[in-house]
Amino acid sequence: MKYSLTIQEGEENTVYLPPDVSLSRQTMVSFGSMSTACRFVSSPLLDKQIIITNDVAKRLYIPFSADVHLFFAEDTVHLGPLVGIFTAGFTKSPLRPVGKRSFFFAKLLSQEKKVGVFAFVFGAHHINWEKGTITGYFYTESGWTQREVPFPTVIYNRLPNRRIENAETFQAIKETLKTEYGIPWFNENFFNKWEVYRLLEKHPLSRPYLPDTSFYPTIETADQFLKRYGEVYLKPANGSRGLGIHHILKKNRKYECRFRDQRGANRSQMFSTLSSLWEDVFSHQKLDSYIIQQGIRLIEINGRKVDFRVHTNKNEEGIWQVSAIAAKIAEKASVTTHIHNGGIVKTVEEIFPDRSARDHILRQLYDAALTLSRCLEEQLQMNIGEIGFDLGIDRQYRIWMFEANSKPGRSIFTHPKLKQYDELTAMLSLAYAVYLSKKTIDKREALFT
């Protein structure tokens, strides 16, 4: 339940709570990692409101009045949660503190009132280890503002790429906050395609959605896959945005290789033998971090391949739900359906105007995405609040999973009819933070009882 938190001048060392909040032996109030002793007063005049005196708010580094949740553990009432969103790439601009991604973060933080959280964005250089505080960026009605707050209740990892995420500095910060301060993270790593495949292959419920896949492709593997399936994809296991993908087809005893070159142009080359293709295209490439995957004959619209981006999120109860779904249509010569590679976004209604056919497809996509979300979380055994799946439908209407992303792109939300789902996915990310906060506080209490 949400409560409206107000900071008030006047009396000292007091927190006023509405009568529906029953206290047992609580003598402390906390916000993020800060706690202080105080006096609690139950006031019949308050309805879903909490009043906290200014001196208590200062000791807890509460930046302003807002909507919050209450959590109870042993002798402490927890206000919040305080959600830290960890990223990099900060600028000195007060209007765009995170550069081009400032708009994304502004949309995310603007959902905090609906959910009832304090949410802020921060980087490594904003942490004051001696004081145990962070000077983070909040997004308010008057724009971006920096405020000093305690270490957060939970942290959502939104580092922009794998290179930064794997840097020793960021790994050390994450490990310190997790182990020494007991702060849980969610979506803490980018997914590796091969690791995801290996984990899902072990689960009987997810296995039927997986194309045949192998790691570290050789010409022998490619030959076997082509004999079996007629077409294959080679992909970087840690790739994103469709970069580095090669599509090989066997056609009338010849071999076609389609890819996107370094200038961003779609290329196609024909070879008389697989060995000549391999020598020309891959002899100078390291394939020890690549996967090779069975090609799927996808459904098409006007001769253009279609796949689907399906976002799943966990809600405030910790239950998976489908939060957005859209079709992506490839450019005719393109290897992938990615938008920056000439693909276009359509709603499922635009692709399947017939309602009964559309409902059947949607049911299949929903079932697949929710099953895969649950299986992946079960296998990874880490906190995941959001996943973006790339799913395909073949000509026999079977569903296939091509990719799972822990930091899904937002390009589908450029479609005007998907704007509401952009807001929903942002809101649910913060709602999951509420669930994770309660779970963490309950676990801490269990350690002491």
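Residues numbered from 1 in each chain as written. Predicted model: local features only at pLDDT ≥ 70, side-chain atom pairs only at ≥ 80, totals over all residues. Heavy atoms only, no water.

Novice: What's the story with the overall build of the chain in this structure? I'm lost.
Specialist: Looking only at helices and strands, one finds 11 helices and 27 strands in the chain. Here the C-alpha atoms of the chain give a radius of gyration of 25 Å, agreeing with the 22 Å that 2.2 N^0.38 yields for 449 residues. Principal-axis analysis of the C-alpha atoms gives the chain an extent of 85 × 50 × 45 Å. The 449 residues of the chain split such that 55% are buried. Sequence separation of 24 or more characterises 67% of the internal contacts of the chain that already satisfy a separation of 6 or more. (Helix = DSSP H or I, 4+ residues; strand = E, 2+ residues; numbered from the N terminus. Rg over C-alpha atoms; globule rule 2.2 N^0.38 Å. Buried < 20%, exposed > 50% of the residue type's maximum accessible area, 1.4 Å probe, protein only. Contact = heavy atoms within 4.5 Å.)

Novice: Whenever I open this one, the sheet that holds strand E17 (residues 231–236) confuses me. Can you help?
Specialist: The strands making up a sheet associate through backbone hydrogen bonding, with each pair oriented either parallel or antiparallel. Within the open sheet, the six strands sit side by side as E16-E21-E17-E18-E19-E20. Their pairing is antiparallel. Of all strands in the sheet, those with a lone pairing partner are strand E16 (213–215) and strand E20 (266–271), marking the two edges. When the angles between neighbouring strand axes are averaged without regard to direction, this sheet yields 20 degrees. Strand direction decides the pairing type here: strand E18 (residues 246–251) and strand E19 (residues 254–260), joined by six bridges, are antiparallel. (Pairing = 2+ DSSP bridges. Axes fitted to C-alpha atoms, helices over the stretch in contact; angles between N-to-C directions.)

Novice: Please clarify how the pattern of salt bridges should be interpreted in this entry.
Specialist: Two side chains with opposite charge may pair up if their charged atoms get near one another. Inspection of every chain in the model, using the stated rule, returns 26 salt bridges. Glu 148 serves as the salt-bridge partner of Lys 131, at 2.8 Å between the closest nitrogen and oxygen. Taken together, the residues Lys 131 in the loop between strand E11 (127–128) and strand E12 (133–140) and Glu 148 in strand E13 (residues 143–150) connect sequence positions 17 residues apart. Looking at Lys 131, the relative accessible area reads 41%, which means it is partly exposed. In this structure, Arg 198 and Glu 195 form a salt bridge, with 3.0 Å as the shortest nitrogen-oxygen distance. Taken together, the positions of Arg 198 and Glu 195, both in helix H6 (residues 193–201) and three residues apart, correspond to about one turn of that helix. (Salt bridge = Lys/Arg side-chain N within 4 Å of Asp/Glu carboxyl O.)

Novice: Honestly, helix H5 (residues 168–179) in this entry has me stumped. Any pointers?
Specialist: Structurally, the α-helix is built with 3.6 residues per turn, so residues lying three or four positions apart point the same way. Between its first and last C-alpha, H5 extends 16 Å over 12 residues, near the 16 Å set by a 1.5 Å rise per residue. Restricting attention to buried positions, one finds in H5 the residues Phe 170, Ile 173, Lys 174 and Leu 177. Down the axis, H5 shows its buried residues gathered within 95 degrees of arc, on one side only. Turned more than 90 degrees from where H5 packs its buried face, Glu 168 and Thr 179 sit exposed. Lining the buried residues of H5 we find strand E9 (82–86), E11, strand E14 (154–157), helix H4 (162–165) and strand E15 (185–186). (Expected span 1.5 Å × (residues − 1). Arc of directions from axis to C-beta.)

Novice: Would you mind showing me how to read empty space enclosed by the protein here?
Specialist: To find leftover empty space, one rolls a probe the size of a water molecule over the atoms. Within the structure shown, the criterion is met by three cavities of 30 Å³ or more. Its boundaries defined by the atoms lining it, the largest cavity holds a volume of some 90 Å³. In this structure, the largest cavity is lined by Lys 193, Val 196, Tyr 197, Leu 210, Pro 211, Ile 291, Gln 293, Met 401, Phe 402, Glu 403 and Ala 404. Sort the elements by how many residues they give to the lining of the largest cavity and strand E27 (residues 399–405) lands first, with four residues. Looking at the lining of the largest cavity residue by residue, the class counts come to eight nonpolar, one polar and two charged. (1 Å grid on protein atoms, 1.4 Å probe; cavity = no way out; pocket = protein on both sides within 12 Å on 5 of 7 lines; lining within 4 Å. Points joined across faces, edges and corners; volume = space filled by probe spheres on them. Nonpolar A, V, L, I, M, F, W, Y, C, P; charged D, E, K, R; others polar.)

Novice: How do you make sense of the packing of aromatic side chains when you look at a structure like this?
Specialist: Enumeration over the complete set of coordinates arrives at 23 aromatic pairs. Judged by centre distance (5.8 Å) and plane angle (55 degrees), the rings of Phe 86 and Phe 170 are tilted. Of the two residues, Phe 86 sits in strand E9 while Phe 170 sits in helix H5, which places them 84 residues apart along the sequence. When sorted by exposure, Phe 86 lands in the same class as Phe 170, which is buried. Measuring from centroid to centroid gives 6.4 Å for Phe 308 and Phe 352, while their planes differ by 15 degrees, and the two rings are stacked. With a gap of 44 residues between them, Phe 308 in strand E23 (residues 304–314) and Phe 352 in the loop between helix H9 (348–351) and helix H10 (355–380) connect regions that are remote in the sequence. (Phe/Tyr/Trp six-rings, centres within 6.5 Å; stacked < 30°, edge-to-face > 60°.)

Novice: Explain helix H2 (residues 102–109) here, please?
Specialist: Most of H2 sits inside the fold, with six of its eight residues counted as buried. Where H2 is concerned, the buried positions are Ser 102, Phe 104, Phe 105, Ala 106, Leu 108 and Leu 109.

Novice: Mind showing me how you'd approach the sheet that holds strand E7 (residues 66–73) here?
Specialist: Strand order across the open sheet formed by eight strands is E4-E3-E8-E7-E1-E6-E2-E5, with mixed pairing between neighbours. Lying at the two open borders of the sheet, with one neighbouring strand each, are strand E4 (34–37) and strand E5 (39–42). Neighbour-to-neighbour, the strand axes of this sheet turn through a mean angle of 30 degrees, independent of strand direction. Across two bridges, strand E2 (residues 14–17) lies against strand E6 (residues 49–53) in antiparallel orientation. Within E6, the residue paired with Val 15 across the bridge is Ile 52.

Novice: For this particular structure, what's the right way to read the environment of Val 310?
Specialist: You can see Val 310 is positioned in strand E23. Between the C-alpha atom of Val 310 and that of Ala 404, which follows or precedes it by 94 residues, the distance is 9.6 Å.

The values reported here are purely geometric and, on their own, carry no functional implication.
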